[in-house]
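Results of the structural survey
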Amino acid sequence: MKQILFTVFLSIFLVILLPMFLSFGIRFVPDRFQPSLGVTQKVYDDVEVSQRFIASEDNLSTLGMSIKNPNLVNKKEIRLSIYDQDENLVRESVLSGMNIEDGKFVKFKFDPIYDSRNKEYRFVLSALSTQKHEALEVFLTSDNLPGVEKSYIDLEESEYSTSFVPFYKPKNFFEVGLNIYSQWIGKFLKDTAFAFGYLALVVSMTIFIIYTTLDRKRN
Amino acid sequence: MDILSQPVLRNLLILAILIRLLVMPFYYHPDIKTYHFQASFLQDGVIDIYSFLEANKERLPLKEEFVYFPLTYFFLGGYQILISPLLGGDFKDWLFDASAQAISDFKIYRYLFILKFPYLLIDVAMAFLLTGFFIDWQQKKRVFIFWLFNPFTFIAIYLYSNVDIIPVFLSTVALIFAVKNKLFISSLFIGIAAAFKAFPFLFFPFLLLYGKRYSQVITMLSLAIGSFGAILIPFWSESFRQAALVSGLTTRIVSFGIGFGFGEMLILPIFFISILFFLSLVDREKVTENMEKILFSLLLIIFSFIHFHIQWLLWMMPLAALIIVSSRQLNLLLYVLIVLAMAIPFLYNDKAMTFGLLEPYSHLYTLLPLPFAAIQRFYDPYVVQSVLHSIFAGGSLVLIYKMFRVR
C-alpha cells in the first residue's frame, strides 16, 4: 500500500509540484533564446563593440553572450559598460579572461536596472589592456532581433548584431513559477485536439477509479 | 485465478496506467528525439541506417550515430509509419529541428505522449509476464503490484524515454521460457532481444546452464547466435561497427583492470563475472532455483565496475522484482542499492539527466545549476560520484553474498 501511495504521489509531484519548487531557483529570466552564432569580432585595445537594444522587461540585470578565447590565451579583463539613451553610464560589469573558456556563454551581471522596460540602452564591450594577438572574440549574429539594431565595431556600423541575451530579475518570488505554469498550460491547450483527447482520457480514468472504489466500499 | 478478474487488481492496473499517462507528455530526454530522428529515415526507404548516417553526416541536422542494433531502428521506424496520422505533418520538421527552440513547439506534448506509448504497453505487459514466474497467487499479486508501482522503472521509462524496455521485456520472456524448460524458444528470444541492444547476451552463458545435454546447449547456441546473426549480418559494415558495436557498454566493460605487463590486463568485471559463471557451472542443480539472483548479481558486478547510464538500470528491474517478491529479507538492502544506483547519474555533468527533463514546461529550467555544479563549489564532484559508486559496489558485494545465503 505504501509503495502504491508513494508512486501515485510521485507522479503528481513530478507533474504539478516539482516545476513550481524548481522555479524558485530561477533567479534571472532571459527574454529569448540565444540568437544564432555567426562571425566573431575581436575586442582589444581601442577596438570596441557597441550595441543598442530595447529592454523588454524591468529589472534588467545580466547580459549573456558567447565569447571565444582561443587557446585560453587571454587572461585579462573585458568590460561591459551600459549607457542609457542620454549616454549616461548606468552599469558596468567586468569579467576576466582567466574565467572564460573558449566559446563559453558568459554572463555580465550587474545590479538590476529597475525601470528598464521599453527603454533603449547601449552596451559597449571593451578590453583596453588586451593586445590583438590575445583578444577575446564576441560572437555576432545575422538574425534580425526585435529591438536590436546593428552593432558598431570601432565606431563603424557592422552588418551584424551582437548575439546576446538579456536577463531580467523576477519582481517577486512566485513570478517565474506562475509564468511557467501559465505558459505551460497555454502551450498545452494550443494543441486543442490532443489536449481534449488527453484530458478526456485522464478524467474518465480518474472517474472510473473513484466510482468503482466507492461502489466496492458501499457493497 | 486471473489477475484481471480481480476488481482490486483491475483498478490498480488502471491507476498505474493513469499515473503513467500523467507524466508521459511532460518530461523530455533528448535521446527520444535523436533516435526517432534516425528511425524516421525508414519511411524514406533507408534500410542500412548506419551507412546512411555516416554518408550523410554533413548535411543532417543531428549528427549522432545510431548506437542501437537494427531491430530498434525497424521497431521505432515502423511505429512512426503506423502512427504518422496521429503525429501530424509537422512531426518530421520537429525531428529535423536541431535548434534549442525545438522544445518550444506546442505539439511537443502530443509527440512525447505518442512516442512513449509503446513503452507503456510493454511496461504493462511486463507486469503480467512477471506473474508467470510464480505459482503462488499471493506472490503473483505482489510482483504485479510491485512492477506497476515501483518508482524506479517509472522514472527510467517515462522520464528518460528509455527504449531499453523492449530488449528488457524480451530478455524476461527468454528467462521465463528457460525456467519453464522451453530452452530453444528462450534462445530465440535472447537472440532477438540482443538484436535490439547487446546486453541480453550477457545473460546467455548463464541460460545455457539450463541445457542438460551437449546437443541442447549446441542447439541453444545455434538458435541464439543464428537469430542474432541473421538480423545483424546484412548490416555489417565499418559504420555499424563504429556506431553500435563499439558502444558504451562493450568498451567500458573491458576497460577497467589491473595491468600485469606485456599488454595484458586482468579485466576486473570479466574476472568477477567468470567467478559467478563457474560457481553456477559447478552447482548447476541450483541454477533453476536461483537464476534471477544469478543474473541480478551479474548486473550488480557490471554496474559496480563501470560508469553507467541511468537507463541501463532498467535491465535489472524485472530481476529485482522477482527477488523482492521471493526473498523479502533482502528488500531493505536491495532498495538502498537501487536508490544509490539511481542517485549516482544525477551527479553527472549532464543537463539532460536532471533539470533538462523539464524543458517541456519551460526552457528556463536549463538555467538551474546542476547538482554537479552545486557540489563543485565545495568539493570535487567526481570524488563524490566515486565515493557513492564505491559504496554501491561494496553494498552489491554484500547483497550478492546474502542472496545466495538466504533460503
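All of the points below concern the structure found in this document. (Residues numbered from 1 in each chain as written. Chains lettered and ligands numbered in written order. Predicted model: local features only at pLDDT ≥ 70, side-chain atom pairs only at ≥ 80, totals over all residues. Heavy atoms only, no water.)

On to the interface of chain B and chain A, then. Facing the 45 residues of chain B at the interface are 41 residues of chain A. For the chain B and chain A pair, buried surface summed over both sides reaches about 4000 Å², with 75% attributable to carbon and sulfur atoms. Looking only at chain B, the three residues that lose the most surface to chain A are B:Asn11, B:Phe106 and B:Tyr361, adding up to 16% of its buried area. Joining chain B to chain A, the criterion identifies one salt bridge. Of the charged contacts in the structure, one is a salt bridge between B:Arg110 and A:Asp191, with a shortest N-O distance of 2.8 Å. The interface formed by chain B and chain A contains 13 residue pairs in polar contact (both at pLDDT 80 or more). Counting residues per element, the ones that place at least two in the side of chain B that touches chain A are helix 1 (7-23), helix 6 (108-131), helix 7 (137-149) and helix 8 (151-158) of chain B. Partitioned by chemical class, the residues of the side of chain B that touches chain A number 36 nonpolar, six polar and three charged. (Contact = heavy atoms within 4.5 Å. Buried area = accessible area lost by both parts, 1.4 Å probe. Salt bridge = Lys/Arg side-chain N within 4 Å of Asp/Glu carboxyl O. Polar contact = N/O pair within 3.5 Å; in protein donor to acceptor, adjacent residues only side chain to side chain. Helix = DSSP H or I, 4+ residues; strand = E, 2+ residues; numbered from the N terminus. Nonpolar A, V, L, I, M, F, W, Y, C, P; charged D, E, K, R; others polar.)

Another point: the environment of B:Ser326. All names here are of chain B. Note on placement: serine 326 falls in helix 17 (residues 317-326). As for serine 326 and valine 143, which are separated by 183 residues in sequence, their C-alpha atoms are 9.1 Å apart. Those residues in contact with serine 326 that lie beyond four places of it in its chain are Phe134, Gln139 and Glu292.

Here we come to empty space enclosed by the protein. Over the atoms a probe the size of a water molecule is rolled, and this reveals where empty space is left. Residue and element names in this part refer to chain B. For the structure on display, the rule yields four cavities of 30 Å³ or more. The calculated volume of the largest cavity comes to roughly 100 Å³. Contributing to the lining of the largest cavity are Val168, Ser171, Thr172, Leu175, Phe203, Leu207, Leu295, Trp315, Pro318, Leu319 and Leu322. Listing elements by their share of the lining of the largest cavity, those giving two or more residues are helix 9 (165-179), helix 11 (200-207) and helix 17. Considering each element in turn, the lining of the largest cavity owes the most residues, four residues, to helix 9. A per-class count over the lining of the largest cavity returns nine nonpolar, two polar and no charged. (1 Å grid on protein atoms, 1.4 Å probe; cavity = no way out; pocket = protein on both sides within 12 Å on 5 of 7 lines; lining within 4 Å. Points joined across faces, edges and corners; volume = space filled by probe spheres on them.)

In this section: the sheet that holds strand 8 (residues 120-126) of chain A. All names here are of chain A. Read across the open sheet, the six strands follow the order 6-5-8-3-10-11; overall the sheet is antiparallel. In this open sheet, the two edge strands, each paired with only one partner strand, are strand 6 (89-96) and strand 11 (156-157). Across two bridges, the pairing between strand 3 (residues 49-54) and strand 10 (residues 152-153) is antiparallel. The residue bridging serine 50 from the neighbouring strand is tyrosine 152, located in strand 10. (Pairing = 2+ DSSP bridges.)

Our next topic: a nonpolar patch on the surface. Residue and element names in this part refer to chain B. A cluster of nonpolar side chains, Ile258, Phe260, Leu266, Phe271, Ile275, Phe278, Leu279, Leu281 and Val282, forms an exposed patch at the surface whose accessible area comes to about 850 Å². For the nonpolar patch, the secondary structure elements donating two or more residues are strand 1 (257-261) and helix 15 (268-282). In terms of residue count, helix 15 provides more of the nonpolar patch than any other element does, six residues in total. (Patch = residues over 30% accessible without salt bridge, like charges linked within 9 Å, V, L, I, M, F, W, Y side chains within 5 Å. Areas by Shrake-Rupley, 256 points an atom, 1.4 Å probe, with all protein chains shown as cover.)

The next thing to look at is the nonpolar core. One finds B:Tyr27, B:Phe149, B:Phe296 and B:Phe303 to be the most contacted residues of the largest nonpolar core, which totals 183 residues. At 15 residues, helix 6 of chain B tops the list of elements feeding residues into this core. If sequence neighbours within four positions are ignored, B:Phe296 has contacts with B:Met316, B:Leu319, B:Ala320, B:Ile323, B:Leu334, B:Leu399 and B:Met403. Counting 31 residues, the second-largest nonpolar core is a separate cluster that includes A:Tyr44, A:Phe110, A:Leu140 and A:Ile153. (Core = buried A, V, L, I, M, F, W, Y, C linked by side-chain atoms within 4.5 Å. Buried < 20%, exposed > 50% of the residue type's maximum accessible area, 1.4 Å probe, protein only.)

Quick look at the pairing of strand 13 (residues 164-168) of chain A now. Residue and element names in this part refer to chain A. Most of strand 13 sits out of view: five of its five residues are buried. Side chains of strand 13 alternate between two faces, with Phe164, Pro166 and Tyr168 and Val165 and Phe167 buried alike. Bridge count for strand 1 (residues 29-30) against strand 13 is two bridges, and the pairing is antiparallel. Pairing of proline 30 across the sheet is with phenylalanine 167, part of strand 13. Looking at chain direction, strand 4 (residues 60-68) and strand 13 are connected through five bridges and run antiparallel. Bridge pairing links methionine 65 to phenylalanine 164 in strand 13.

Attention now moves to the side chain of B:Arg20. Residue and element names in this part refer to chain B. Along the chain, arginine 20 turns up in helix 1. In this structure the side chain of arginine 20 is engaged in a polar contact, spanning 2.6 Å, whose partner is the side chain of aspartate 123. From its side chain, arginine 20 meets the backbone oxygen of leucine 148 in a polar contact 2.8 Å long. Residue contacts for arginine 20: discarding those within four places in its chain leaves Leu120, Asp123, Trp147, Leu148, Phe154 and Tyr158.

Read these as geometric descriptors, not functional statements.
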